[in-house]
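Read off the chains here:
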Amino acid sequence: MTADVAKTKNAYNFDRFLRYEEMTEWLHATAAVHPNLMTVESYGHSHEGRDLWVATITDATTGTHDSKPAHWVDANIHAIEVTGGVAALHLIHYLVTGFDNNSAVTEAVRTRTFYVAPRVNPDGVEWTLADSPQFRRSSVRAWPWADAHMAPGLHLRDINGDGRVLSMRMQDANGNWMVSTEEPRLMVRVPPVGAPAGTTRYRMLFEGDVVDHDGFTVPLVPPPQSLDLNRNFPSGWGTSVLGSGDHPMSEPEIDGLVRAIVARPNICGYNAYHTSGGVLLRPSSTMSDSGLPPLDLRIFKELGEKGAALTGYPVHSVFEDFTLDKSDTMGGAADDWVYEHLGVYGWTTEFWDVIQQATGKKPSTFIWYTGPTDEEDLAVYRWAVANHPDAYVDWTPFDHPQLGAVEIGGWDEVFFWGNVPSSRLLAEVRPHAEFAVYQAMCSPKLEVQHTRVVHLSDDTHRVEVGITNTGWLPTDITHKARKEHLVLPLVAELTGAAVLTAASAPSGSRQELGQLAGRVAMQPYAGKNDGTPDRVLATWIVKGAVGTKVTVNVSHQRAGRCSATVTL
């Protein structure tokens, strides 16, 4: 099959797209080989009842997963964007095989946790990778009509049974397409003033059936399954956004994902893997950069600079660079939700830019509205012929059940324009694992770096514990989180001896110590004059016999947990 779908139990080399059962087997087998580094659990179920898997990767010998700051990655929320799932599985492989072999990976897995959900939408991906594929943007649930009513018009499917959904062309004197004079298999647009005299013109449609055909018109209608799961998140949700669902989190895949992320408050960074475009997208989808806190925007840009250097993908704001009509925005996306509701820096990676591969140049960021130019299409065609000849299919006559004589052929849109060809998959996704590790290592991290016991009198002592955020980001991650009080404060609690107040009454064993800055706050924009905003000194006056051991447990939702034991 053109999609290079896995059908055997061969070793996985990240050069093909796995069906659900093989992906499940691979996840559990990988965990079994690395029991001290990886576990797999279900965080919910899809519309059709499939388990939604999340892999947890951390060094169990240095603490539990929830005791460390974490980075979350998910993929395949959109059914046809299967490259993202390969990237997520490769990230898992990169972490577990890099441990003890790669110093950066080893330190990341020792001190941080990674949560990787490689297939948010398994039902839709199964439709995409089926022998007779059905392409949907997201869920397979019938929506908005529960009876899966098919509106009169074109509905995509593999109508000639070759395992691909291609294009159909039919001669039409008013058609918008004609054969390229440079490449006779390629179709180009008819110029605004019309085609040269004697030119055969064509009307083009995607391959499929025309339901209730009236013999003259072919309406382009939404499929019976019109949900977009990446518009079902609570932030910015609205009925004006296509595919947003009945209400925020109405879909089991998104309900499960949101609850899984919220249940892991140690998550300090987020990345969703999509296709295509070869870009790193950041919030906001609904407001200009001027609406973001300036410090958060600065950090987004600094993280993005590193991401671009590692991956070769440029960074864009969805609103500033990808929204053609600024009055018509697309809310309800995952990266907006994690930033706006959780105060976490969120990214969407769009893998693969075939135009850049063919031309060496990035297309317009508005290509989703305009499509490629004829020049770009021609360049991609010639590159495909030289490198991936199966990407373009010869035009073959077909007797269409509703339209009569047509020809089927053209681009394999989903598995060439929309996803990386199998021979290039690993090379395309590999650098993004490094970016995930980099983001994780930017997170805050608590350490006890000072302890002291001062004997005051008899059995009275002062216990001091100095706590430091040794990470780059502050403990609450963003200015957004701090301003809206989205993150609980640092807590230090002493046990093992009675804590005294001035009146010698037991009290105050637990202290709430606010938030600690990260090194990002100490960069020398105003001179080399840091201070200690990353540190706090907690003190207790305690009563206990000399030789008594007391323990101070330090914890923060995001920055992790640590402790220190001292002797009175």
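Rules used in this analysis
Residues numbered from 1 in each chain as written. Predicted model: local features only at pLDDT ≥ 70, side-chain atom pairs only at ≥ 80, totals over all residues. Heavy atoms only, no water. Helix = DSSP H or I, 4+ residues; strand = E, 2+ residues; numbered from the N terminus. Contact = heavy atoms within 4.5 Å. Areas by Shrake-Rupley, 256 points an atom, 1.4 Å probe, with all protein chains shown as cover. Lys, Arg positive; Asp, Glu negative; His and termini not counted. Charge placed at Lys NZ, Arg CZ, Asp CG, Glu CD. Salt bridge = Lys/Arg side-chain N within 4 Å of Asp/Glu carboxyl O. Buried < 20%, exposed > 50% of the residue type's maximum accessible area, 1.4 Å probe, protein only. Core = buried A, V, L, I, M, F, W, Y, C linked by side-chain atoms within 4.5 Å. Phe/Tyr/Trp six-rings, centres within 6.5 Å; stacked < 30°, edge-to-face > 60°. Pairing = 2+ DSSP bridges. Expected span 1.5 Å × (residues − 1). Axes fitted to C-alpha atoms, helices over the stretch in contact; angles between N-to-C directions.

**Student:** Tell me about the overall build of the protein, and please be specific about residues and values.
**Tutor:** Helix and strand content of the protein: 14 helices and 24 strands. Projected onto the principal axes, the alpha-carbon positions of the protein cover approximately 105 × 50 × 45 Å. Long-range contacts, defined here as pairs at least 24 residues apart, represent 74% of the contacts in the protein between residues at least 6 apart. Within the structure as shown, the protein displays about 23900 Å² of accessible surface, and the carbon and sulfur contribution to it stands at 52%. Taking the average location of the 46 positive side-chain charges in the protein and that of its 67 negative ones, the two points are 7 Å from each other.

**Student:** Account for the pattern of salt bridges, with residues named and values stated.
**Tutor:** Going through the model one piece at a time under the given rule, you end up with 30 salt bridges. Residue Arg-16 pairs with Asp-15 through a salt bridge whose shortest N-O separation is 3.9 Å. Two residues, Arg-50 and Asp-123, come together in a salt bridge whose shortest N-O distance is 2.7 Å. On the criterion of sequence distance, the pair formed by Arg-50 in the loop between strand 1 (38-45) and strand 2 (51-57) and Asp-123 in helix 4 (residues 122-129) is long-range, its members being 73 residues apart. Residue Arg-50 is classed as partly exposed on the basis of its relative accessible area, which comes to 22%. Residue Asp-123 is classed as buried on the basis of its relative accessible area of 0%. Connected through shared salt-bridge partners, Asp-15, Arg-16 and Glu-22 make up one network.

**Student:** Could you give me a rundown of the environment of Ala-130, with the residues and numbers involved?
**Tutor:** By the secondary structure assignment, Ala-130 is in the loop between helix 4 and strand 5 (153-156). In this structure, the C-alpha to C-alpha distance between Ala-130 and Gly-163, residues 33 residues apart in sequence, is 8.3 Å.

**Student:** Go over the nonpolar core with me, naming the residues and quoting the values.
**Tutor:** Formed by 83 residues in total, the largest nonpolar core has its most connected members in Ile-57 and Trp-411. Counting residues per element, this core draws most heavily on helix 2 (residues 83-98), which supplies nine residues. Formed by 25 residues, the second largest nonpolar core is a distinct cluster that contains Ala-70, Ile-267, Tyr-270 and Ala-272.

**Student:** How would you explain the packing of aromatic side chains if you had to name every residue and give the values?
**Tutor:** Evaluation of the coordinates by the stated rule reveals 23 aromatic pairs. Ring centres of Tyr-12 and Trp-26 lie 6.2 Å apart, and the angle between their planes is 85°; on these two criteria the pair is classed as edge-to-face. Of the two residues, Tyr-12 sits in the segment before helix 1 (20-33) while Trp-26 sits in helix 1, which places them 14 residues apart along the sequence. Residue class for Trp-26 comes out buried when judged on its relative accessible area of 14%. The interplanar angle of 90° and the centroid separation of 5.1 Å between the aromatic rings of Tyr-381 and Tyr-392 together place this pair among those described as edge-to-face.

**Student:** Give me the lowdown on the sheet that holds strand 18 (residues 460-469), citing residues and values where you can.
**Tutor:** With antiparallel pairing, the four strands of this open sheet are ordered in space as 17-18-22-20. The open sheet has two edge strands with one neighbour each: strand 17 (446-457) and strand 20 (498-499). In the sheet, strand 18 pairs with strand 22 (residues 535-543) via nine bridges, with the strands oriented antiparallel. Its bridge partner being in strand 22, Gly-466 is matched across the sheet by Leu-537.

**Student:** If you had to explain the environment of Asp-534 to someone new, which residues and values would you point to?
**Tutor:** Take Asp-534: it is sitting in the loop between strand 21 (510-512) and strand 22. Among the residues examined, Asp-534 registers a relative accessible area of 11% and is labelled buried. Remark: the alpha-carbon pair of Asp-534 and Ile-467, spanning 67 residues in sequence, is separated by 8.4 Å. For Asp-534, the contacting residues outside a window of four places in its chain are Ile-467, Thr-468, Asn-469, Leu-516, Ala-517 and Met-522.

**Student:** Can you tell me about helix 1, naming the residues and giving the values?
**Tutor:** Taking 1.5 Å per residue as the helical rise, helix 1 with its 14 residues ought to reach 20 Å, and the 20 Å between its terminal C-alpha atoms agrees with that figure. Considered for burial, the residues of helix 1 that qualify are Tyr-20, Glu-22, Met-23, Thr-24, Trp-26, Leu-27, Thr-30 and Ala-31. On its buried face, helix 1 sits against strand 1, strand 2, helix 2 and helix 4.

**Student:** Explain the sheet that holds strand 19 (residues 491-495) to me, and be specific about the residues and the numbers.
**Tutor:** Overall, antiparallel pairing links the four strands, which are arranged 21-19-23-24 in an open sheet. Looking at which strands have only one partner, the edges of the open sheet turn out to be strand 21 and strand 24 (560-567). Ignoring which end each strand starts from, the neighbouring axes of this sheet average 15° apart. The sheet contact formed by strand 19 and strand 23 (residues 549-556) spans five bridges and is antiparallel. Residue pairing in the sheet places Glu-493 in a bridge with Asn-553 of strand 23.

Shape is all these values report; function is a separate question.
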